[in-house]
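# Chains, contacts and geometry: an overview
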Amino acid sequence: MIFVRLPKPLLVATLLIAALAPAAGSAEALPIRKTHATMVLDAVDKFLLPRIEALQQTTGALEAAVGAVCREGEPALTAARAAFGDTVRAWGGLDFVRFGPSAREHRLERIFFWPDPRAFASRQLKQLLAARKPDLLAPGALSSQSVAVQGLTALEVLLFDDKAPLGAGKDEAGTYRCALAAAIAANIHAVAGEIAAGWVGGDGFRTKILAPGSDNALYKDAGETVREVMKALVAGIELCRDRFILPELTGVTANPPRRVRLAFEASGLTGAYLKSSLVALKELYEGIGLDAYVPPDKPWMTSFLPTSWNSLLADADRLDNLRATERGSEAHLHALRKMRFDLSGIRQIIVKELAPNADIVMGFNELDGD
């Protein structure tokens, strides 16, 4: 072997070039760093608007399916319950978007009233059913009532009551019960339509969030609009943890263990709702390109983040079965603790590492602990 001694300046330059040059094939692997404006554009056009359109479709199918139960009776109930499940999954992917049209006029609560620790939905439904006011069945009439009886929480009570199956009773009480369920389904579809309509047009929210500036009353620059998107992402992670994981973990580890009410238990859709939220959050995270802002001195994040997202989805698939058959078991506790760890870890990395590296100012609330 022949060694060639390079002049010292040339040797230093050669070593510097070698150090700075990317490894073979690494150019394709490097994620693209998106601008704030591009992050927001992709979040709106590729994530939000398609999901809002899907929500409109599922709520429309739900309205039709519940109406069919009232016309055709109990045989149509299975299809109505399936349509309810589709709507629950669609809303699970949007519930954490707490800005824009969905955050106005109590639309979030009108679609999904939760938490409901005192069972307001059930109690207020009983009052409406007892009163049997025909004027409440008119289109739009429910919008003036309590949010607890307008959305999915109330409709679940009526659709999944096996002691009084919807469509089975043809007496006055049964007929009104079904008509009220149909009115609630129609109200949900109407609210979904309001959300969709609020985004479109020259004065719609899409225009407002994509065109910040001095003449925009809501957003002065892309830094403010991207913060809105990031706050939704972080809020979604917190909702998954605080609505589903922490209450259940607290309940099963209490002495003695105690049951906690979880969203959509009556319909058996607790896990489906959580899974749809996690899938959407992962899609939003990837869509705005946060992976590109992993600190160079912390390469372990490049494996931790995708592993944690995938682990969350796998554990969400298991939770319903563990809750039903192995409640409080080591397997159940392990899944809950792992999900708590992954959710908190992802959140911490986003607010403490990725957002600052992307020059996104989250604000005090978003940085205030776990």
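Quick look at the structure, then. (Residues numbered from 1 in each chain as written. Predicted model: local features only at pLDDT ≥ 70, side-chain atom pairs only at ≥ 80, totals over all residues. Heavy atoms only, no water.)

Cis geometry is found at the peptide bond from Trp114 to Pro115, where omega equals 5 degrees. Relative to the elements of secondary structure, Pro115 occurs in the loop between α5 (107–111) and α6 (120–131). In this structure, the amide linkage connecting Asn255 to the following residue, Pro256, adopts the cis form with an omega of 0 degrees. Considering the arrangement of structural elements, one finds Pro256 in the loop between α10 (222–253) and α11 (270–287). Within the chain, His106 stands out as a residue other than glycine whose phi angle is a positive 60 degrees. Assessed through its relative accessible area of 55%, His106 is described here as exposed. Residues other than glycine seldom take positive phi values, yet Asp359 does so here, at roughly 60 degrees. In this fold, Asp359 is placed in the loop between α13 (330–357) and α14 (364–367). (Helix = DSSP H or I, 4+ residues; strand = E, 2+ residues; numbered from the N terminus. Buried < 20%, exposed > 50% of the residue type's maximum accessible area, 1.4 Å probe, protein only.)

Here the focus is the side chain of Thr153. Within the secondary structure, Thr153 sits in helix α7 (residues 152–159). Within polar-contact distance, the side chain of Thr153 engages the backbone oxygen of Phe113 at 2.7 Å. (Polar contact = N/O pair within 3.5 Å; in protein donor to acceptor, adjacent residues only side chain to side chain.)

Considering all chains together, one arrives at 15 aromatic pairs under this definition. Geometrically, the ring pair formed by Phe112 and Trp114 is stacked, given 6.2 Å between the ring centres and 5 degrees between the ring planes. Of the residues examined, Trp114 reaches a relative accessible area of 15% and is grouped as buried. Ring plane angle 85 degrees and centroid distance 6.2 Å describe the contact between Phe304 and Phe341, whose orientation is recorded as edge-to-face. Here the residue Phe304 occupies a position in helix α12 (residues 301–325), and Phe341 occupies one in helix α13, the gap between them amounting to 37 residues. On the basis of relative accessibility, which here comes to 52%, the residue Phe341 falls in the exposed class. (Phe/Tyr/Trp six-rings, centres within 6.5 Å; stacked < 30°, edge-to-face > 60°.)

Turning our eyes to something else, we now look at the packing of helix α4 (residues 77–92) against α7. Helix packing geometry: the angle between the two helix axes and the distance between the axes. At a minimum axis separation of 11 Å, α4 and α7 run at an interaxial angle of 155 degrees. When the axis of α4 is compared with that of α7, the two are roughly antiparallel. The crossing of α4 and α7 is left-handed. Seen from α4, the contacting residues are Leu77, Ala80, Arg81, Phe84, Thr87, Val88 and Trp91; seen from α7, they are Leu152, Leu155, Glu156 and Leu159. (Axes fitted to C-alpha atoms, helices over the stretch in contact; angles between N-to-C directions. Parallel < 35°, antiparallel > 145°, perpendicular 65-115°, else oblique. Left-handed = near helix turned anticlockwise from the far one by under 90°. Contact = heavy atoms within 4.5 Å.)

A few words now on the environment of Gly140. Relative to the elements of secondary structure, Gly140 occurs in the loop between α6 and α7. With relative accessibility at 53%, the residue Gly140 sits in the exposed group. Through-space distance from the C-alpha of Gly140 to that of Leu128 is 16 Å; in sequence the pair is 12 residues apart.

With that out of the way, let us pick up the environment of Leu158. Secondary-structure assignment places Leu158 in helix α7. Sequence separation between Leu158 and Val234 is 76 residues, and the spatial gap between their C-alpha atoms is 33 Å. For Leu158, the residues in contact, after removing those within four places along its chain, are Leu125, Leu129, Leu166, Arg177, Leu180, Ala181 and Ile184.

One pass over the structure, following the stated rule, counts 23 salt bridges. Linking Lys46 and Asp42 is a salt bridge whose minimum nitrogen-to-oxygen distance equals 3.6 Å. Here Lys46 pairs with Asp42, and both are found in helix α3 (residues 36–72), just 4 residues apart, close to one helical turn. What makes Lys46 exposed here is its relative accessible area of 60%. Residue Asp42 is classed as buried on the basis of its relative accessible area, which comes to 11%. Put simply, Glu105, Arg107, Arg110 and Glu194 are held in one network by salt bridges that share partners. (Salt bridge = Lys/Arg side-chain N within 4 Å of Asp/Glu carboxyl O.)

Where α10 meets α13, the closest approach of the two axes is 10 Å, and the angle between their N-to-C directions is 155 degrees. Taken together, the axes of α10 and α13 lie roughly antiparallel to each other. Relative to α13, α10 is oriented so that their crossing is left-handed. Broken down by class, the residue content of the contact of α10 with α13 amounts to 17 nonpolar, 3 polar and 6 charged. (Nonpolar A, V, L, I, M, F, W, Y, C, P; charged D, E, K, R; others polar.)

Bringing α7 into the picture now. Side chains that are three or four residues apart share a direction in an α-helix, a result of its 3.6 residues per turn. Along α7, 7 of the 8 residues are buried, which leaves the element largely enclosed by surrounding structure. Looking only at α7, the buried set comprises Leu152, Thr153, Ala154, Leu155, Glu156, Leu158 and Leu159. Looking at the buried residues of α7, the elements they touch are α3, α4, α5, α6 and α8 (172–199).

Overall, the coordinates contain 1 disulfide when judged by the stated rule. Two residues share a disulfide in this structure: Cys70 and Cys178, whose sulfurs sit 2.3 Å from each other. Because the torsion about its S-S bond is -105 degrees, the bridge between Cys70 and Cys178 counts as left-handed. With a gap of 108 residues between them, Cys70 in helix α3 and Cys178 in helix α8 connect regions that are remote in the sequence. The class of Cys70 is partly exposed, set by a relative accessible area of 28%. (Disulfide = S-S within 2.5 Å.)

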